[in-house]
Amino acid sequence: MRKNQIYLDDSQYSDMEDSLGQFREALNYIQWKIQNGNQNPPNHRQMDWNQFMQVYEDATETLQEEINAPVEDN
């Protein structure tokens, strides 16, 4: 993503950065659950799945806009 950020405006880059952060948090949550079974994770490992889905949808929309954008001649 950093290599290609020249293709994203600030808002698009922020959407993608937020989504990557949420995916990392989800990965940490899932790894914790795998290691600890049915126990609830501590507060700092809890996941807000509604926020996760919102960030995912924002990133998906950003990618769809960029993929479907018209090609610009330089």
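See the structure shown above.
Residues numbered from 1 in each chain as written. Predicted model: local features only at pLDDT ≥ 70, side-chain atom pairs only at ≥ 80, totals over all residues. Heavy atoms only, no water.

Turning to a negative patch on the surface, a few remarks are in order. Together, Asp9, Asp10, Glu61, Glu65 and Glu66 make up a region of like negative charge exposed at the surface. If one sorts the elements of the negative patch by residue count, helix 2 (residues 49–67) sits on top with three residues. Since its relative accessible area comes to 47%, Glu65 is described here as partly exposed. (Patch = residues over 30% accessible without salt bridge, like charges linked within 9 Å, V, L, I, M, F, W, Y side chains within 5 Å. Areas by Shrake-Rupley, 256 points an atom, 1.4 Å probe, with all protein chains shown as cover. Salt bridge = Lys/Arg side-chain N within 4 Å of Asp/Glu carboxyl O. Lys, Arg positive; Asp, Glu negative; His and termini not counted. Charge placed at Lys NZ, Arg CZ, Asp CG, Glu CD. Helix = DSSP H or I, 4+ residues; strand = E, 2+ residues; numbered from the N terminus. Buried < 20%, exposed > 50% of the residue type's maximum accessible area, 1.4 Å probe, protein only.)

On to the side chain of Gln22. For Gln22, the position within the fold is in helix 1 (residues 10–36). Judged by relative accessible area, Gln22 falls into the buried class, the value being 7%. In this structure Gln22 touches Met47, Asp48, Gln51, Phe52 and Val55, once residues within four positions along its chain are discounted. (Contact = heavy atoms within 4.5 Å.)

Glancing now at the packing of aromatic side chains. Counted according to the given criterion, the structure contains four aromatic pairs. Where Phe23 meets Phe52, the ring centres are 5.1 Å apart and the plane angle is 80 degrees; that geometry is what we call edge-to-face. In this pair, Phe23 is assigned in helix 1 and Phe52 in helix 2, connecting sequence segments 29 residues apart. Note on Phe23: relative accessible area 38%, which makes it partly exposed. Since its relative accessible area comes to 12%, Phe52 is described here as buried. With a centroid separation of 5.4 Å and 70 degrees between ring planes, the pair formed by Trp49 and Phe52 is classed as edge-to-face. Of this pair, Trp49 and Phe52 both sit in helix 2, separated by three residues, roughly a single helical turn. Look at Trp49 and you get partly exposed, because its relative accessible area is 37%. (Phe/Tyr/Trp six-rings, centres within 6.5 Å; stacked < 30°, edge-to-face > 60°.)

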